[in-house]
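# Observations on the three-dimensional arrangement
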Amino acid sequence: MKKNSTLRGLLSLSVALTLLAACNSEGNTESSDSSSEQATPKAFNPDDPGGVAYKDLSEELGAIPKNDEPIQLGGVAKSFQNEYWRTLKDGMEIAVADLAAAGYDVSIEVKSAQQESDEQGQLAIVSDMINKDFTALLLSPISDSNLGPGVTEAKEKGIPTINVNDGIIQEADIFVGPKADQNGELLGEWVDEKLDGEGEVAIIVGMPKAFAAKQRTIGFEEYMAENAPGIDIVEKQNADWDRGKAKNIAETWIKTHPDLKAIFANNDTMALGAQEAVNASGKDILVVGVDGTSEAYESIRKGELDATIDSFPLYKGQIAVEVALRRLAEQELPRVIWTPQALIDSENVDEKAEDIIEWTGLTLN
């Protein structure tokens, strides 16, 4: 495969160091009548311009301030059935261990819902942490709305909330995660190059209400519309992050679209399901995913799965802990902090993650 340095680079480090402007409604009218139309504030979207690359931020802020009082962090993930969320948990715990070794008085408890569809179960975990007076919460909601009531309750008690990765919590203090639409943009660019700008492709979407699923799909579609007129997106269907559903969908598409050339799945779990269908068909169809799971890496090494976007949850978890401590220390922080990510294919699959993203660890006092 031809090396593509654009794809292998970090996605966010070139973004200017700016703060996300608050949405202000002008709303001035000549009449005070309650029926007057008023501007509706734009919904918060961390993919909008204005985020700050983590590397730039850490260099500007210096060492993480040491705390005077004990800090108990609460982390809430989607489901530990998915390796991605287990790795994010590992990253958070690594950060706390490093902090403790350096003399910081910090502890963490990370929990998840039983399944990635258990929105109420996840909210119950948040409510329990609030009742136990955790110092700050690091939250990765299942949907863009299920943890809203918990965050409102946390705010009432003065507990800072960090929205980690996805979905999106409108009320959270800070968002920490990758620029999700660029997942799709980079994979769109990669697929376009491999197909020489011609061919039929399809998209397997995650859960319809998930921010990452929506944005990854938008990024892929918009790249193709703007840059690859010869690429035809012939199918798009959700598989709810489920491997078996993705496999079944891909099997159907392979039969109904004999000229199908590529499948983009919103995460690696679904991509690996689609790859099983491709393997069984004996056809040469590109399959790409998102998350950078260990199984995806192994599949790329075996010459099966073609590419994934790794947003490095092990390091993202550490960054989220750092941001929580800086927030508690009342340092001035942007609303959106973009974490590093990179496209992984056969050319860089054996490179160390630390080298790919130039990770040097947290800066401690």
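A brief structural summary. Here the structure is a predicted model, which is why all the values come from computation and not from measurement.

### Focus: unusual backbone geometry
Going from Asp-166 to Gly-167, the amide bond is cis rather than trans, its omega being -15 degrees. Tracing the backbone through its elements, the reader meets Gly-167 in the loop between β5 (161-164) and β6 (174-177). Here Asp-196, not a glycine, exhibits a phi torsion of approximately 55 degrees, which is positive. Looking at the secondary structure, you find Asp-196 in the loop between α6 (180-194) and β7 (199-205). Residue classification places Asp-196 among the exposed positions, given a relative accessible area of 67%. Of note, the phi angle at Asp-240 is positive, near 55 degrees, even though the residue is not glycine. Mapped onto the fold, Asp-240 is located in the loop between β8 (231-238) and α8 (243-256).

### Quick word on the nonpolar core
By size, the foremost hydrophobic cluster in this structure holds 90 residues, and its most contacted members are Leu-73 and Val-321. Apart from the residues within four sequence positions on either side, Val-321 is in contact with Leu-73, Met-92, Ala-95, Val-96, Leu-99, Ile-108 and Leu-138.

### Description of the packing of aromatic side chains
For the structure on display, the rule yields four aromatic pairs. Between Tyr-84 and Trp-85 the ring centres are 5.2 Å apart and the planes differ by 80 degrees, which places this aromatic pair in the edge-to-face class. We classify Tyr-84 as buried; its relative accessible area is 3%. A residue is classified by how much of its surface remains accessible, and Trp-85, at 4% relative accessible area, is buried. Taken together, Tyr-54, Tyr-315 and Trp-359 form an aromatic cluster joined through their ring pairs. Of note, Lys-89 hangs over the ring of Phe-80, and the distance from its end group to the ring centre comes to 6.0 Å. Across the ring face of Phe-44, the terminal group of Arg-335 is positioned such that the distance to the ring centre comes to 3.8 Å.

What counts as what
- Residues numbered from 1 in each chain as written.
- Predicted model: local features only at pLDDT ≥ 70, side-chain atom pairs only at ≥ 80, totals over all residues.
- Heavy atoms only, no water.
- Helix = DSSP H or I, 4+ residues; strand = E, 2+ residues; numbered from the N terminus.
- Buried < 20%, exposed > 50% of the residue type's maximum accessible area, 1.4 Å probe, protein only.
- Core = buried A, V, L, I, M, F, W, Y, C linked by side-chain atoms within 4.5 Å.
- Contact = heavy atoms within 4.5 Å.
- Phe/Tyr/Trp six-rings, centres within 6.5 Å; stacked < 30°, edge-to-face > 60°.
- Lys NZ or Arg CZ within 6 Å of the ring centre and 35° of its normal.

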